[in-house]
Structures are given as C-alpha cells and as structure tokens.
Amino acid sequence: MTTISKRAVRATWAAMALALGACDSTQKQLLNVTLPDIIPSTVSSVEQAEALRIGALSRVRNITAGGEGAWMLGGLLTDEWKSSDTFSQRNETDQRSVQESNANVQSMLREIYRVRNSSQEALIALAAYPPVSTQQYKIGTMYLAEAIAEIELAETFCNGIPLSDAAHGAIVYGQPSSNTDLYNLAKAHLDTAIANALPATDANAVSLKTTSQILQARVLVNLGQHATAATLVSTVADAYSDQVMTYSLTSGDNQIWALNTSAKRWTVGDSMDASGVIGNAIPFASSGDPRLKITGSTLGTSAAGKGFDGSTNFITNNLWARSDAAIIASGLDARLIQAEAKLKAADYPGMMTILNALRTAPPKLTATNVTTAFTPPAMAAIATTPTTATDAAKLFFREKAFWTFGRGQRLGDLRRMIRQYGFTQDQVFPTGTFFKGGTYGTDVNFPITTDEYNNPNYKGCTDRKA
C-alpha cells in the first residue's frame, strides 16, 4: 500500500480543510463514483486530487495504530490492556463503565468519521481529476479506507450509529444505523475497492485486492457467513502482510509504543492484579506465551517499574518499536478466519489442524519492513482436541487473542462470542473487583458520545447489545 510522506500530508492541508462528519446513509450505499456536482474550489489538478487521497489515507493511521482509537480503546475495554494512568476517561474504559461524555471516546469517534468524510472528498476530486489508467488502484484505496472506518465503527460502538455527510460542503445529518447495516456497507465498499484493483498485475493493486478480500472475510464472519469468508481467503499466502500505515519521527509515532512503552499510561493486561483474580481475562502479562514480548510483572516488583499513575505495576509488550508499521491484514488473519469457519461448522479436528500449523510454524507478527520484525519461536501443538462447542470456542478465541494482540480485533471477537456463540457478557469480558475501586461494569461496546446529539436525527444508542 501507499506510504505516507510528510510532503503529501502538507499538500493535503494546503488543498483544503477537511470537514467533520461522515457520508452516505445505508439506504444509499456508494458503490461507484458519480460525476461530482461540487468540486472543492481549491482542487484543480490531478496532483491536488492525489494530495486529498494521501491525506485521507493519513487519517487511517489515526484509527489504527497511529492514535488512541479503536485498536487501543477496544483493547482497554477488553482484557488486552489495563490503565496505568490517572485519566478518568481511560480508567472508566478499563472498568467497562464508559460515559457518553468520555473525551477519549469522542476523539476516537470523530477520527473514524473523518476517515469516511475525507475519503469521500477525495473520491469527488478523483472523479474530476482521475489518476492515469495504470494507477486506477488509487481510487480503490479510498473505498478501502471507508470500509476500514465502517468496520471499526461496527465492531467498536453500540447499535444506532448515525452516518452524516459533509463531503459536498454542507452537512446532511444521517439516520442511526445498526452494526449490521455498517457491515453491509463496508462489504459494498470493499467490493468496489476490489473492482478498482487495477491493473491486475501491479503490486499496489494486488495488495489492495488481497487486503480488501481479508477485510471482506472479516466482515462476513461478523455477519455469520463463516464458510463464505473462509473460501474468500483460501488463496491468501501465509506470508502476506499489508503494512497500510508507516510511522517515523517526523510523521508520527506508533501509538501502541507511545502509550505503552514510552508514556507508561497503558500496561499489558493480566488475569489477576492486586485486587485478586479477574474473571475471564487472559493472562497476557504472566502467561509467558512466546507470541508476546513482555517485560515486567503484575504482582511483586515489576522489572519495568511503575506506570504513569505511580502505583500500578508496569508491563510492556515490546512487539512494536516507535516507528513500526501497522499490519491491517495478513495471511495469519486469513488462516484464523478459516479456523473459525471450522469451529462454526463443528469440525473441531479441522480447526485444530489449522491452529497447530500456526503454532509449529509461526508467521511474523510485526511488519516486515522494519528491523524489529518479530517471528515467535515454534510452539508445541495442542494435543487435545475439544469435544464440545463451548470448549472449542474458548480455545479458538484464546489462541486468536495471542496471535492478534494489539491489532484491534479483540473487542469484535468478544462481542461475537456473545452474539454468535451463546456466551453472556459476564462469561467473556473482565469481571470482579476493579483494581482502582469498585467492580467491573457491563459495557460490551462504546456509546456514541454527546456531541452527536447535535444531529437532530440522533436520540441515543438504539441498544448496547453485542
């Protein structure tokens, strides 16, 4: 995929001020670029349209590993991370009791909306000033960006998410949409991204198509279409990885590194702490699992010291360095999608074949274009095949949690354990005594925040169900 340069980002801001909000409703899904009726007045060339495209891609960084967005906050609502911070916004997220006024969640939601809006603005400009035919894939990247934003919205927030439109200059307020609506919209945008993955032999186009297929399979799994999802990714190579977003000292840090390793505001989650056992939580910090690179301990004296709050034992996951790229989709994801299709079909031996193949020949877990690329050592195969649906689901999602730590998939997985596998929220999310006071709440997603009440069509979440 395209690497973002500092010059391109500056050009984007010079081209125009990016608007807030989002675009089309689920009733009018945007499947093709229509002839624009309003072209931003500052866009008058192919180069300026390209600057808008690069700017839209730069915003994708903020909703993946480049900001405190769905990847980070979703992991804090689950068991991947714990708050070693003093900010109430992070502490209440960790406690699963998130207020509509939470400023960090407001920022997360705005950044996701901005990806959709700026992608739409870029598509309008690209329709008027299209790239050369040998770079048609550039149009497809904007549909991919929209789909990534829609997947993040659906996996992270409650039902009733409004999608407004500000890409044409005036705000058109959207109606609330269900998570299912958003998954279907993301699927449509990924269809169009794949259709624009041309020329077919170009490396950028091939990457666009492969990444779109993996993400489309992720959408299908969320929609309960597991077998179709497995077929879609069956030809994806084990070694494939798409580092959609890169980081540098000048363009911005990888925020997983920044908030954990550097600022010590986030610490790695565990199955226990000073308050006792945390129900359902995976012992990421204390398991010794080779898929993680842990420094520090939850109990006793941590080798990493204390967190930002001065009291919580600090633990780092050293998988990411300051400028390491974010992997948005990979061959590992494809294999896990196939394994889950086996789980859903009650083919537990087939599921174990895939999971054990990953354990005995592990793939790289971090980007291949940085010096810190990490491949865990081979692990022993799991000898016992589960015989019940409950045990098989628990095993699968535990294995997936270690493989995908920090990559924004854990919250969606726990929600699906409730929605598709019959678990209750107190069987999969952290429960018990919260180490900073009180008990864990019952949130399984994030609320739409208070600033959305400016939309006259929005009256609050439709429901907070998984």
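Our structure's up above, just so we're on the same page.
What you see is a predicted model; the values in this text were computed from it and never measured.

Novice: It is not clear to me how the overall build of the protein should be interpreted in this structure. Could you clarify?
Specialist: Of regular secondary structure, the protein possesses 15 helices and ten strands. The proportion of buried residues among the 466 residues of the protein is 60%. By sequence separation, contacts in the protein at least 24 residues apart represent 74% of the contacts at least 6 residues apart. Of the roughly 17100 Å² that the protein leaves accessible, carbon and sulfur atoms contribute 53%.

Novice: Sorry if this is basic, but what is going on with the nonpolar core here?
Specialist: As a rule of thumb, nonpolar side chains are buried together in soluble globular proteins. Core analysis: the largest hydrophobic core is formed by 114 residues, its most contacted members being L153, F157, L343, M351 and F446. Residue contributions to this core peak at twelve residues, all from helix α6 (residues 137-156). When residues no more than four places from it in sequence are discounted, the contact partners of L343 are Y348, M351, A392, A393, F396, F397 and Y421. Judged by nonpolar contacts, the second largest core, of five residues, contains I278, F434, F435 and Y440.

Novice: What is the right way to read the pattern of salt bridges from this model?
Specialist: It is possible for side chains bearing opposite charge to pair when their charged atoms get close. This structure, assessed with the given rule, holds 24 salt bridges. The partner of E111 in a salt bridge is R114, with the nearest N and O atoms 3.1 Å apart. With a gap of three residues between them, E111 and R114 both fall in helix α5 (residues 103-128), about one helical turn apart. A salt bridge links K342 to D347; the nearest nitrogen and oxygen atoms lie 3.7 Å apart. On the accessibility criterion, K342 (33% relative accessible area) is partly exposed. On the basis of relative accessible area, D347 is assigned to the partly exposed category, the value being 28%.

Novice: Looking at this model, I keep getting lost on the packing of aromatic side chains. Mind explaining?
Specialist: When we look at a pair of aromatic rings, we describe it by the centre distance and by the angle of the planes. Tallied over the entire structure, the rule returns ten aromatic pairs. The interplanar angle of 80 degrees and the centroid separation of 5.0 Å between the aromatic rings of F396 and F397 together place this pair among those described as edge-to-face. Pair check on accessibility: F396 and F397 agree, each one buried. Where Y453 meets Y458, the ring centres are 5.1 Å apart and the plane angle is 50 degrees; that geometry is what we call tilted. By relative accessible area, which is 37% here, Y453 ends up partly exposed. Each residue in the set W81, W266, F284, F402 and F405 is aromatic and connected to the rest through ring pairs, giving one cluster. Over the ring of F87 we find R265, and its NZ or CZ is 4.8 Å from the ring centre. The ring of F308 is capped by R265, whose NZ or CZ atom sits 3.7 Å from the centre of that ring.

Novice: Help me out: how do you make sense of the environment of N313 in this one?
Specialist: Structurally, N313 can be placed in the loop between β8 (294-295) and β9 (316-317). Looking at N313, the relative accessible area reads 10%, which means it is buried. Separated by 229 residues in the primary sequence, N313 and S84 place their C-alpha atoms 7.7 Å from one another. Setting aside its immediate chain neighbours within four residues, N313 contacts T267, S297, T298, L299, G300, T301, S302, G305 and K306. One polar contact links the side chain of N313 to the main-chain carbonyl oxygen of T298, over a distance of 3.0 Å. In this structure the side chain of N313 is engaged in a polar contact, spanning 2.9 Å, whose partner is the backbone oxygen of G300.

What counts, and where the lines are drawn
By convention here, each chain's residues receive numbers from 1 onward along its written sequence. Note on the predicted model: pLDDT of at least 70 is required for a residue's local features to be given, and 80 or more for side-chain atom pairs to be given and counted; whole-chain, interface and lining totals, by contrast, use all residues. Values shown for side chains rest on all heavy atoms present in the structure; no hydrogens or waters enter the calculation. Runs of E in the DSSP output that reach at least two residues are strands. Runs of H or I that reach at least four are helices, and both are numbered from the N terminus. Under the scheme applied here, a residue whose accessible area is under 20% of the maximum for its type counts as buried, over 50% as exposed, and between as partly exposed, the area being computed with a 1.4 Å probe on protein chains only. What makes two residues a contact is simply this: any of their non-hydrogen atoms within 4.5 Å. Each accessible area is a Shrake-Rupley estimate made with a 1.4 Å probe; only the visible protein chains count as cover when residues are assessed. Residues enter a nonpolar core if they are buried and are Ala, Val, Leu, Ile, Met, Phe, Trp, Tyr or Cys, with the set joined through side-chain atoms within 4.5 Å. Salt bridge, as used here, is a side-chain nitrogen of Lys or Arg placed within 4 Å of a carboxyl oxygen of Asp or Glu. For Phe, Tyr and Trp, rings pair up if their centres lie within 6.5 Å, where Trp contributes its six-membered ring, and each pair is then called stacked (planes under 30 degrees apart), edge-to-face (over 60) or tilted (otherwise). Only lysine NZ and arginine CZ atoms are considered, and such an atom sits over a ring when it is within 6 Å of the ring centre and within 35 degrees of the ring normal. Counted as a polar contact is a pair of N or O atoms within 3.5 Å, where, for protein atoms, one must be capable of donating a hydrogen and the other of accepting one, and residues adjacent in sequence contribute only when both atoms are in side chains.

None of this, on its own, says anything about what the molecule does.
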